[in-house]
Amino acid sequence: MASLSLRGIYKKYPGGVVAVSDVNLEIRDKEFIVLVGPSGCGKSTTLRMIAGLEEISEGELYIGDRLVNDIAPKDRDIAMVFQNYALYPHMTVFDNMAFGLKLRKVPKEEINRKVEEAARILDLTPLLNRKPKAMSGGQRQRVALGRAIVRNPQVFLLDEPLSNLDAKLRAQMRTEISLLHKRLGTTFIYVTHDQTEAMTMGDRIVVMKGGFIQQIDTPQNLYETPCNKFVAGFLGSPQMNFIDAMLNYTDGKYVVTFGSNRAQYEVVLPQNKVTPDLEHYIGKEIILGIRPENVHDEPMYLANATTGIVKCNVEITELMGAETYLYLDCEGVKITARVSPKSTARAQDDIDVVFDAEKIHLFDKETEKTIIN
């Protein structure tokens, strides 16, 4: 198996277009790492450079201890699973999975053994004589995974492999791929634009935007301590609320204020959130961030709150079964709250909600970098 090291990787196209800029990334042996970001952020280009399908413009790529910049894709000991499966329509499942091994002149007995073992792992044994057109999307996706498994590569590269599947099948395949990773004990590098896939599957997540890496960390750390507004907004569904606010200092306390001339609301920062950096922002505009699950409408929270109580009008309620989403208007500021399904709030109601002061984030208005988490 193998670790990977990307050192100062760039991808530049003719005409001055830079798709990937200064990517530095150390991927540990047997790690499941996810590259996530919006379309055009450079995640698939980075994956294709690792595969050898795109030339590296600058920088060095190591697989294990071997510099592979100029090594052909077939000699990198990697296997790639594509978004569109890339199966041969005229071949059976068995032949699709065996094709790469036949090209390498692997003995027939070994090919049979490897294909049958991969088929068993992926529950494809009854389908080995079928052709792709007679199979569902999920089955085709498993065949594409099987074709990669039989190669026994050092590294698996998966480029948005679930994006063509429906929501239920996507959730099922997420679990299957995670279990497959544990069973094979191989390094997985997985590209997706779906933050749910990233949060549920990755040991670590690499968040990208505009060709640059924004932050690399575990799913929980990214969620709780984002380094900037982009990362905070990209991870989490519904996404974090962002509110234009001011930071003031009164009576020995830092106070975040927002609202309109008609109504001003304030959140007093708890002492454990106070850092020396806050001093530079006194009297300045900042961005207040709070996740929907930290906006509460329950009477217990409201009764005990000493700060952060906000009057809102309920525009829409979405009953999701295990939870309810409230879409609120607070003096023109739009806020989403994720509350108990027992909430009695309904559209057009005027209600009070309370922001959990322990859970707020503050961002620099100009740079959008995190001030406090």
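Let us look at the structure shown here. (Residues numbered from 1 in each chain as written. Predicted model: local features only at pLDDT ≥ 70, side-chain atom pairs only at ≥ 80, totals over all residues. Heavy atoms only, no water.)

What to know about the packing of aromatic side chains
Evaluated as defined, the whole model comprises nine aromatic pairs. Consider the rings of F32 and F188, whose centres lie 5.4 Å apart with planes at 35°: the pair is tilted. Of this pair, F32 sits in strand β3 (residues 32-36) while F188 sits in strand β8 (residues 187-192); the two residues are 156 residues apart in sequence, bridging distant segments of the chain. Both residues of the pair, F32 and F188, belong to the buried class. Residue placement shows K12 over the ring face of Y10; its charged tip is 5.1 Å from the ring centre. The ring centre of F242 lies 5.0 Å from the NZ or CZ of K229, which sits over that ring. (Phe/Tyr/Trp six-rings, centres within 6.5 Å; stacked < 30°, edge-to-face > 60°. Helix = DSSP H or I, 4+ residues; strand = E, 2+ residues; numbered from the N terminus. Buried < 20%, exposed > 50% of the residue type's maximum accessible area, 1.4 Å probe, protein only. Lys NZ or Arg CZ within 6 Å of the ring centre and 35° of its normal.)

Description of the sheet that holds strand β6 (residues 78-81)
With respect to topology, six strands assemble into an open sheet ordered β6-β7-β8-β3-β9-β10, the strand pairing being mixed. Each having just a single partner strand, β6 and β10 (212-217) make up the two edges of the open sheet. Pairs of neighbouring strands in the sheet enclose a mean axial angle of 15°, with direction left out of account. Here β3 pairs with β8 via five bridges, running parallel. Among the inter-strand pairings, V36 is bridged to a residue of β8, identified as T192. Relative to β8, helix α5 (residues 167-184) is tilted by about 160°, and along the sheet it contacts β3, β7 (155-159) and β8. (Pairing = 2+ DSSP bridges. Axes fitted to C-alpha atoms, helices over the stretch in contact; angles between N-to-C directions. Contact = heavy atoms within 4.5 Å.)

Re the nonpolar core
With 47 residues, the main nonpolar core has M97, V115, L145, L158, I177, Y190 and V207 as its most contacted residues. The contacts of I177, once residues within four sequence positions are left out, are F32, L145, L158, P161, L162, F188, Y190 and M201. Y281, C312, V339 and I371 belong to the second largest nonpolar core, which has 35 residues in total. (Core = buried A, V, L, I, M, F, W, Y, C linked by side-chain atoms within 4.5 Å.)

A short note on α5
Helix length check: α5, at 18 residues, gives a terminal C-alpha distance of 26 Å against a target of 26 Å (1.5 Å per residue), a fit within 8%. Within the sequence span of α5, burial applies to M173, R174, I177, S178, L180 and H181. The buried side chains of α5 occupy one side of the element, clustering within an arc of 160° when seen end-on. Relative to its buried face, α5 has exposed residues pointing more than 90 degrees away, namely K168, K182 and R183. Buried residues belonging to α5 abut β3, α3 (108-121), α4 (137-149), β7, β8 and α6 (195-201). Taking the backbone nitrogen of K168 as reference, a side-chain oxygen 3.2 Å away marks D166 as the first, capping residue of α5. Two residues or fewer after α5 comes G185, characterised by a positive phi angle close to 60°. (Expected span 1.5 Å × (residues − 1). Arc of directions from axis to C-beta. Polar contact = N/O pair within 3.5 Å; in protein donor to acceptor, adjacent residues only side chain to side chain.)

Considerations on the side chain of K11
As for its position among the elements, K11 is in strand β1 (residues 4-13). Judged by relative accessible area, K11 falls into the buried class, the value being 7%. At a separation of 2.9 Å, a polar atom in the side chain of K11 contacts the main-chain carbonyl oxygen of E55. For K11, the contacting residues outside a window of four places in its chain are V17, V18, A19, V20, T45, M49, E54, E55 and S57.

What about the pattern of salt bridges?
Under the criterion given, the structure shown has 17 salt bridges. Note that E58 is salt-bridged to K12, the shortest N-O span being 2.6 Å. Here E58 is found in strand β4 (residues 58-63), whereas its partner K12 is found in strand β1, with 46 residues between them in sequence. (Salt bridge = Lys/Arg side-chain N within 4 Å of Asp/Glu carboxyl O.)

So, the layout of surface pockets
Reported here for the largest pocket is a volume of approximately 530 Å³. Lining the largest pocket are 19 residues; nearest its centre among them are A79, M80, F82, R147 and R151. Where the lining of the largest pocket is concerned, the elements lending two or more residues are β6, α2 (93-103) and α4. When residues in the lining of the largest pocket are grouped by element, the largest group, five residues, is from α2. The volume enclosed by the second largest pocket comes to roughly 230 Å³. Considering the residues around the second largest pocket, the lining is formed by Q220, Y223, E224, T225, K273, R291, E293, N294, E358, K359, H361 and N373. Residue contributions to the lining of the second largest pocket peak at three residues, all from helix α7 (residues 219-224). When the residues that make up the lining of the second largest pocket are grouped by side-chain class, the tally is one nonpolar, five polar and six charged. (1 Å grid on protein atoms, 1.4 Å probe; cavity = no way out; pocket = protein on both sides within 12 Å on 5 of 7 lines; lining within 4 Å. Points joined across faces, edges and corners; volume = space filled by probe spheres on them. Nonpolar A, V, L, I, M, F, W, Y, C, P; charged D, E, K, R; others polar.)

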